[in-house]
Amino acid sequence: MSALTLAPPDVMIPVAARLATVDKETHDTFTLTLAANSREQELPAFAPGQFSMLYVFATGELPISISGDPAERGKLVYTVRSVGKVTHALVTSRPGESIGVRGPFGTAWPLKESYGRDVLIVAGGIGLAPLRPAILHVLRHRGDYGRLIVLYGARSPQDLLFRKQLSAWNYVPDTLIINTVDYGGLSWRGNVGVVTTLFRHVRLQPARTTAMVCGPEIMMRYVVRELLARGLSDEDIHLSMERNMKCAVGFCGHCQLGPYFVCKDGPIFTYGKLKRWMDRYEL
Amino acid sequence: MIKSKNLVETLKEHAFLAGFRPAHIDRLAAMAHEVHFERDQVIFREGDESSFFYLILSGKVALEVTALGKTLRVQTLREGEELGWSSAMETSSKHFQARALTVVRALAFDGARLREACEQECAFGYALMRRLLSVVASRLQAFRLQLLDMYSPEGPKTS
Ligand SMILES: Cc1cc2nc3c(=O)[nH]c(=O)nc-3n(C[C@H](O)[C@H](O)[C@H](O)COP(=O)(O)OP(=O)(O)OC[C@H]3O[C@@H](n4cnc5c(N)ncnc54)[C@H](O)[C@@H]3O)c2cc1C
Ligand code: FES
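Everything quoted here is computed from the prediction, not taken from an experiment.

Enquirer: Can you help me understand the domain arrangement of chain A in this one?
Expert: All names here are of chain A. One can read the domain layout of chain A as domain 1 (9-105) and domain 2 (112-278). One C-alpha centre belongs to domain 1, the other to domain 2; they are set 22 Å apart. Facing the 28 residues of domain 1 at the interface are 22 residues of domain 2. At the junction of domain 1 and domain 2, the tally comes to one salt bridge. One salt bridge connects R140 with D69, and the closest N-O pair in it is separated by 2.5 Å. In terms of residue count, the dominant contributor to the side of domain 1 that touches domain 2 is strand 5 (residues 75-81) (four residues). Here the residues of the side of domain 1 that touches domain 2 are counted per class, giving 13 nonpolar, nine polar and six charged.

Enquirer: Could you clarify how one ought to interpret the site of ligand 1 in this entry?
Expert: Of all residues adjacent to ligand 1, which total 18 residues, the nearest are A:P63, A:T79, A:R81, A:T87 and A:E242. What surrounds ligand 1 is not a single chain but chains A and B. Between A:V86 and ligand 1, the recorded distance is 3.0 Å, taken from a backbone N or O atom to an oxygen atom. Contact with the protein chains covers 69% of the free accessible surface of ligand 1, which is 900 Å². The leading source of residues in the shell around ligand 1 is strand 4 (residues 60-65) of chain A, at four residues. Each of domain 1 (9-105) and domain 2 (112-278) of chain A contributes no fewer than three residues to the shell around ligand 1.

Enquirer: So what exactly am I meant to see when it comes to the sheet that holds strand 8 (residues 104-110) of chain B here?
Expert: Paired through their backbone hydrogen bonds, the strands of a sheet run either parallel or antiparallel. Spatially, the four strands line up as an open sheet ordered 1-8-3-6 (chain B), and their pairing is antiparallel. The sheet terminates laterally at strand 1 (33-37) and strand 6 (82-83) of chain B, the two strands that pair on one side only.

Enquirer: Please clarify how the sheet that holds strand 4 (residues 60-67) of chain B should be interpreted in this entry.
Expert: Residue and element names in this part refer to chain B. One open sheet accounts for four strands, arranged 2-7-4-5; its pairing is antiparallel. In the strand order of this sheet, the two ends are held by strand 2 (42-44) and strand 5 (70-78), each with one partner. Averaged over all pairs of adjacent strands, the angle between their axes in this sheet comes to 35°, without regard to strand direction. Of the strand pairs in this sheet, strand 4 and strand 5 are connected by eight bridges, and their pairing is antiparallel. Directly across from E64, in strand 5, lies its bridge partner R73.

Cut-offs used in this document
Residues numbered from 1 in each chain as written. Chains lettered and ligands numbered in written order. Predicted model: local features only at pLDDT ≥ 70, side-chain atom pairs only at ≥ 80, totals over all residues. Heavy atoms only, no water. Domains from an automatic or database assignment. Contact = heavy atoms within 4.5 Å. Salt bridge = Lys/Arg side-chain N within 4 Å of Asp/Glu carboxyl O. Helix = DSSP H or I, 4+ residues; strand = E, 2+ residues; numbered from the N terminus. Nonpolar A, V, L, I, M, F, W, Y, C, P; charged D, E, K, R; others polar. Near = heavy atom within 4 Å. Polar contact = N/O pair within 3.5 Å; in protein donor to acceptor, adjacent residues only side chain to side chain. Areas by Shrake-Rupley, 256 points an atom, 1.4 Å probe, with all protein chains shown as cover. Pairing = 2+ DSSP bridges. Axes fitted to C-alpha atoms, helices over the stretch in contact; angles between N-to-C directions.

As structure tokens, this is what we get:
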């Protein structure tokens, strides 16, 4: 690991973008769309899985994954769950206000490497947001990939994100979307049980499957077990990790995970890289 | 209704019985009868004396718990899965209420007869119990994860 040095100032300075829309997804989760502040401003392109540092003036800055369609230029879309000070400030910002943006930063989902292969997406809770650009990419380039399987778990039916989109994706050929919730009321007729219970309903071809997983770490640990039990290799399992961040460019050391900086070497890692360290942290 | 020859084929194809010996399948087939449940029909209630063990052939079943006047769905089961494992183990009352969420087709086995067959032929009993144990273990694991409430805004419950 290299010694810590000062980050170059340009990557540390947020660029102001205009909050174009705020859409309610669930009781605590909102999708924010940022647009250019002026004709001259060009918002950067991103790769599915990357994140930005979003800065709410006078409140603070935090990492948020980009959840929009990578093919749609000119806007940046984020899905934010209000859990604390800065996320609350973000989701209560009004259209027209300015939000500071740095990035995009970090590694991407292995979409090029997955050409011709089955793509298995396993998401839990807000973890579907960083995976949505990957799903949208596969759907846009449907012929380049084998089967697309999305297994998605949320706490309750009210917590399921992108519900309309999820049901629409199910009609795309060779695409299977299965949702489940941890608990459901009497009006919920869908699946109930943690996301790992969905593995019983799919037949994987391990040698030709790439898995992309995002959710709470405890969930990812159990998902990895299911994937390994079904014959996927460590290198075909990709996980998105979260750590507290400050600089987001590998300078401050805040996001260290074993020998890695999650902001620069991640957030997406193969399980092969992570397995020694996942077991040691929190799990 | 499934004919008895087809019953053997149906049992052979059922995921719960994958790898079961042909003689054991025959034994089960002799005890099985097909049942149907209508959408929303309660299959058994919490506290009912357990009697039947089911292998689901098609449709979806929800396991429900009622607490503080509220009914909560805690698990759903589908084709290829089993329902009512406790009746195969012992005479006891049901821990959950089971409700058909769709039209459900299943094979039903009388718990007392199943237990008797297990006593009579230990190899059959062992094969069945092994499968039941693996189902119970994976349900226990899933319930543990549910209890952790992993998606809660406060993070997983650890104490
Ligand atoms: C690479 C990366 C990508 C991310 N992408 C997204 C995203 O797309 N959408 C999104 O909503 N969040 C995302 N996060 C998480 C987000 O950055 C945190 O939720 C945020 O930093 C919390 O800041 P806060 O000031 O709102 O909460 P704080 O005031 O710092 O914390 C308030 C409370 O929330 C809890 N908390 C903090 N973070 C989390 C968390 N991640 N999950 C559950 N509880 C938490 C704290 O333990 C505390 O109890 C991402 C994080 C990383 C590292
Ligand atoms: S956030 Fe500074 S090193 Fe990763």
